[in-house]
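# Chain and residue survey
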Amino acid sequence: MLAFGPMRTKTTAGGIGGDRHRSLLAWYRRHRRDLPWRRTRDPYAILVSELMLQQTRVAVVEDRWRRFLERFPDVEALAGASADDVLALWSGLGYYRRARQLHAAARAIRDRHGGRVPAEAARLRELPGVGAYTAAAVASIAFDRPEPPVDGNAARVLARWFRLRGDARSGPAARRLARRAAELVPRDGGAGEWNQALMELGALVCLPRRPRCGACPVASSCGAAAEGRPERYPGPGRATRPVRESVVRAALERNGRWLLRRNGAGETPEGLFEFPALPCPSGRATPAAVARLVERRWGWRVEDCRELGTVRHQILARSILVRVFAARVVAGPAMPPRSAGTFRRVALSRLSELPVSGATLKIARLLARR
Ligand code: SF4
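Predicted, not measured: the structure shown is a model, and the values here were computed from it.

The next thing to look at is the overall build of the protein chain. Along the backbone of the protein chain there are 14 helices and seven strands. Principal-axis analysis of the C-alpha atoms places the extent of the protein chain at approximately 75 × 50 × 35 Å. For the protein chain, the residues scored as buried account for 48% of the 370 residues in total. By sequence separation, contacts in the protein chain at least 24 residues apart represent 67% of the contacts at least 6 residues apart. Total accessible area on the protein chain stands at roughly 17900 Å², and carbon and sulfur atoms take up 48% of it. Charged side chains in the protein chain number 67 positive and 34 negative. The centres of these two groups are separated by 5 Å.

Here the focus is the site of the ligand. Inspection of the region around the ligand gives Arg 160, Val 205, Cys 206, Cys 213, Cys 216, Val 218, Ala 219, Cys 222, Ala 225 and Pro 230 as its neighbouring residues. The residue makeup of the shell around the ligand, split by class, is nine nonpolar, no polar and one charged.

By domain assignment, the protein chain separates into domain 1 (13–232) and domain 2 (243–369). For domain 1 and domain 2, the distance between their C-alpha centres works out to 37 Å. Counting residues at the interface gives eight residues for domain 1, matched by 14 residues for domain 2. Area buried by domain 1 at its contact with domain 2 is led by Asp 84, Tyr 95 and Tyr 96, which between them contribute 48% of it. Between domain 1 and domain 2 we count one salt bridge in total. For Arg 262, the salt bridge goes to Asp 84, with nearest N and O atoms at 2.4 Å. One can count four residue pairs in polar contact (both at pLDDT 80 or more) joining domain 1 with domain 2. Split into classes, the residues belonging to the side of domain 1 that touches domain 2 amount to four nonpolar, two polar and two charged.

Right, let's talk about empty space enclosed by the protein for a bit. Overall, the coordinates contain two cavities of 30 Å³ or more when judged by the stated rule. Of the volumes computed, that of the largest cavity is approximately 100 Å³. Along the wall of the largest cavity there are 14 residues; nearest its centre are Arg 160, Cys 206, Cys 213, Cys 216 and Cys 222. Tallying contributions element by element places helix H9 (residues 152–161) first for the lining of the largest cavity, with three residues. Among the residues forming the lining of the largest cavity, the class breakdown is 12 nonpolar, no polar and two charged.

In this structure, the largest pocket occupies an estimated 1800 Å³ of space. Around the largest pocket sit 48 residues that line it, and Gln 55, Asp 151, Gly 152, Asn 153 and Arg 169 are the ones nearest its centre. Where the lining of the largest pocket is concerned, the elements lending two or more residues are helix H2 (43–53), helix H6 (97–112), helix H8 (132–143), H9, helix H10 (171–184) and helix H11 (191–204). Of the residues belonging to the lining of the largest pocket, the class tally is 21 nonpolar, 13 polar and 14 charged. Roughly 860 Å³ of internal volume is contained in the second largest pocket. In terms of lining residues, the second largest pocket is bounded by 27 residues, among which Leu 93, Gly 94, Tyr 95, Gln 314 and Ile 315 are the most central. The set of elements that each furnish at least two residues to the lining of the second largest pocket consists of H6, strand E5 (301–315) and helix H14 (358–368). It is H14 that contributes the most residues to the lining of the second largest pocket, five residues altogether.

Further remarks concern the packing of H2 against H8. Relative orientation of the contacting elements H2 and H8 amounts to 145°, with a least axis distance of 10 Å. Like other packed secondary-structure pairs, H2 and H8 cross with a definite hand, here right-handed. Between H2, through Pro 43, Ile 46, Leu 47, Glu 50 and Leu 51, and H8, the contact on the second element is made entirely by Tyr 133, Thr 134, Ala 137, Val 138, Ile 141, Ala 142 and Phe 143. In the contact of H2 with H8, the residues fall into 10 nonpolar, one polar and one charged.

How each quantity is defined
Residues numbered from 1 in each chain as written. Predicted model: local features only at pLDDT ≥ 70, side-chain atom pairs only at ≥ 80, totals over all residues. Heavy atoms only, no water. Helix = DSSP H or I, 4+ residues; strand = E, 2+ residues; numbered from the N terminus. Buried < 20%, exposed > 50% of the residue type's maximum accessible area, 1.4 Å probe, protein only. Contact = heavy atoms within 4.5 Å. Areas by Shrake-Rupley, 256 points an atom, 1.4 Å probe, with all protein chains shown as cover. Lys, Arg positive; Asp, Glu negative; His and termini not counted. Charge placed at Lys NZ, Arg CZ, Asp CG, Glu CD. Near = heavy atom within 4 Å. Nonpolar A, V, L, I, M, F, W, Y, C, P; charged D, E, K, R; others polar. Domains from an automatic or database assignment. Buried area = accessible area lost by both parts, 1.4 Å probe. Salt bridge = Lys/Arg side-chain N within 4 Å of Asp/Glu carboxyl O. Polar contact = N/O pair within 3.5 Å; in protein donor to acceptor, adjacent residues only side chain to side chain. 1 Å grid on protein atoms, 1.4 Å probe; cavity = no way out; pocket = protein on both sides within 12 Å on 5 of 7 lines; lining within 4 Å. Points joined across faces, edges and corners; volume = space filled by probe spheres on them. Axes fitted to C-alpha atoms, helices over the stretch in contact; angles between N-to-C directions. Left-handed = near helix turned anticlockwise from the far one by under 90°.

Shown next, in the form of structure tokens:
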């Protein structure tokens, strides 16, 4: 069960950062966001939050984290769940590999650690899907171990505060940032709070393009602010411009249920159900062409085929524009041939029972608005 209650807030006054620690911690206690995972010390709940928050916005995660923990309140419940049930709860969060790894981590904790999340960062790193950042975050936030997780927000604050220029994600600059973070983390208690304060400062005040130095609790000792151009730090990283793609998907309805196809091995996101894609160049898709393709591939004759709209979604480094065509099936076999993949026909109201992709949920919203 989750143990909600006030967080321990021990302050460090010694070590490298006496005044720095005090002013940042005082700011954090006044201004931190009241996020649900900050009201618990349950290591399992914190591990779930850390994995969900990777690549996903806090506003999206809040509600999903609650629902996930209602369904899987502890390691035992998650370890004993089916992969489909876990993926269904993850639907729409993207980066589904995280869900599979969290599921595998729960099984490893149950089988190798007697159901207790290990406290040491080195043991945490042995769990599936748990890298250096996540291990340090869980060890410090849940167990108050003096480990320094450096996410993008903390890296930006440290780079500006101590004028460390360079690519914050890898190479020498990233190692310098990690060393500085390790020097600053309190060793006599309060590591978790300190780490969260650093990350929160990056999320709320030390913003990438427009740092709000006038509201910053460490402005008086900040090297980049003293220079006058803090946004120059940390410096150029690798450019990651998403590759733009487009795809045509068919939403085919028969007797109030919609056809979904499950992605097979090697298809992204693997194992999730989606409205089927058609091998039709997006620029040449028309209602007539889509109707012909559906009949040729699956033997389904359709009527009222029309373009419903578009949705955009992102998978890893791909930005995908989906043109959605909807049609009513009037004749043909009950289901497409097995050779075409695994299919289900579901009512929109029951979509949440299946593991579906974020794009599928967006298309379902288009259908509901028709
Ligand atoms: S003073 Fe400005 S640049 Fe320095 S840490 Fe604070 S917000 Fe960032």
